[in-house]
Amino acid sequence: MSEGLLELARTVGLEAAAFVKTSRPPGRVEVADTKSSPTDVVTQIDRASEELIRARIKTARPDDGFVGEEGADLIGTSGIDWVVDPIDGTVNFVYGIPTYAVSIAARQDGVVVVGYVVNIASGGEWGAIRGAGSWRYDGDERITLTAPAVTRVDHALVATGFNYVPEVRTKQAQAVARFLPHIRDIRRTGSAALDLCALAEGHFDAYVEQGLKEWDLAAGGLVASESGLLLSGLDGEPNERLVMAAHPSIAEEYFALVRACGF
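Given the structure is predicted, the values throughout are model-derived calculations rather than measurements. (Residues numbered from 1 in each chain as written. Predicted model: local features only at pLDDT ≥ 70, side-chain atom pairs only at ≥ 80, totals over all residues. Heavy atoms only, no water.)

Draft legend 1. Up close: the packing of helix α5 (residues 192-201) against helix α6 (residues 214-226). Packing of α5 against α6 leaves a shortest axis separation of 8 Å and a crossing angle of 5 degrees. Overall, the two elements α5 and α6 adopt an arrangement that is roughly parallel. The residues of α6 that touch α5, namely those facing Ala 192, Ala 193, Leu 196, Cys 197 and Ala 200, are Asp 216, Leu 217, Gly 220, Gly 221, Val 223 and Ala 224. Across the contact of α5 with α6, the residue classes break down as eight nonpolar, two polar and one charged. (Axes fitted to C-alpha atoms, helices over the stretch in contact; angles between N-to-C directions. Helix = DSSP H or I, 4+ residues; strand = E, 2+ residues; numbered from the N terminus. Parallel < 35°, antiparallel > 145°, perpendicular 65-115°, else oblique. Contact = heavy atoms within 4.5 Å. Nonpolar A, V, L, I, M, F, W, Y, C, P; charged D, E, K, R; others polar.)

What follows is the structure, encoded as structure tokens:
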């Protein structure tokens, strides 16, 4: 069943990515609304992308549930729920920075079993099935991802992101100030889903972020974990309070550092 779910996620994800790409006007995109703060934005294209994804999935699987960033949740009866971010990295999308993605995951009885992420601007694609690995797509060929081992935390390049609520950002800045002397450097690309896929590819050595919603984490998190990385949170499970990811070779030391710095 997981292969069928992934095939649907990829088909719908590619259609949504093409829609977003062709709908984007030249220059900056007009902001339709804000969410957690005046700088946390949403566009009409976000909403239209989610409506497209929801309609395609409900047509194919009418008994499934649906959890999306921009609309009301739908309760299903099949045990399968779809967790969708129609544009992960909306601020990048608004400014024309080519790092924003469609992220689609399927959960079975609350457990993410399938993840698919496509970079709308570049066309890069990643997929994962729980227990079967993760990969980057080259056309229809799957290039298996095996995250490389890391030998030293102090040489780690770490991907991160920051909350849009000023009070939270202030605390995060203080944690980063304590954190930076102990690692190589940090990168903030603006899309958690793409960060986690890049981590699985070995473009980063570790990851930390607070405030991720389930649609930010579900698909990219599965790609990362199925590549051999460990994901954790403040009390064990990654969640909105904290998401940490690293190779098992440094995970214990890295997770301890993140906690000690006050993330």
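From this point, the narrative continues.
Draft legend 2. How the structure looks around unusual backbone geometry. Of note in the backbone geometry, Asp 109 takes a positive phi value of approximately 50 degrees without being a glycine. Accessibility expressed as a relative area gives 65% for Asp 109, which makes it exposed. (Buried < 20%, exposed > 50% of the residue type's maximum accessible area, 1.4 Å probe, protein only.)

Draft legend 3. Inspection of the sheet that holds strand β12 (residues 206-209) at higher detail. Spatially, five strands are ordered β11-β10-β12-β14-β13 in an open sheet, and the strand pairing comes out mixed. Looking at which strands have only one partner, the edges of the open sheet turn out to be β11 (185-187) and β13 (230-232). Taking the axes of each pair of neighbouring strands and ignoring which way they run, one obtains an average angle of 20 degrees across the sheet. Sheet topology note: the strand β10 (residues 157-160)/β12 ladder contains three bridges and is parallel. Paired with Ala 159 across the bridge in β12 is Tyr 207. Relative to strand β14 (residues 243-246), helix α7 (residues 251-260) is tilted by about 150 degrees, and along the sheet it contacts β10, β12, β13 and β14. (Pairing = 2+ DSSP bridges.)

Draft legend 4. View of the pairing of strand β3 (residues 65-68). Burial along β3 is two-sided: Gly 65 and Val 67 and Phe 66 and Gly 68, pointing in opposite directions, are all buried. Alignment of β3 against strand β4 (residues 80-88), held across four bridges, turns out to be parallel. Within the sheet, the bridge partner assigned to Gly 65 lies in β4 and is Asp 81.

Draft legend 5. Summary view of the sheet that holds strand β6 (residues 111-119). Within the open sheet, the seven strands sit side by side as β3-β4-β5-β6-β7-β8-β9. Their pairing is mixed. The open sheet terminates on both sides in strands that have one partner only, identified here as β3 and β9 (141-144). Strand-to-strand, the axes of this sheet are offset by a mean angle of 20 degrees, without reference to chain direction. As defined by bridge partners, strand β7 (residues 125-129) adjoins strand β8 (residues 133-138) across four bridges and the pair is classed as antiparallel. The partner of Trp 126 across the bridge, within β8, is Arg 136.

Draft legend 6. Structural view of the environment of Ile 104. With respect to the secondary-structure elements, Ile 104 resides in strand β5 (residues 101-108). Judged by relative accessible area, which is 0%, Ile 104 ranks as buried. Separated by 94 residues in the primary sequence, Ile 104 and Arg 10 have C-alpha atoms spaced 8.2 Å apart.

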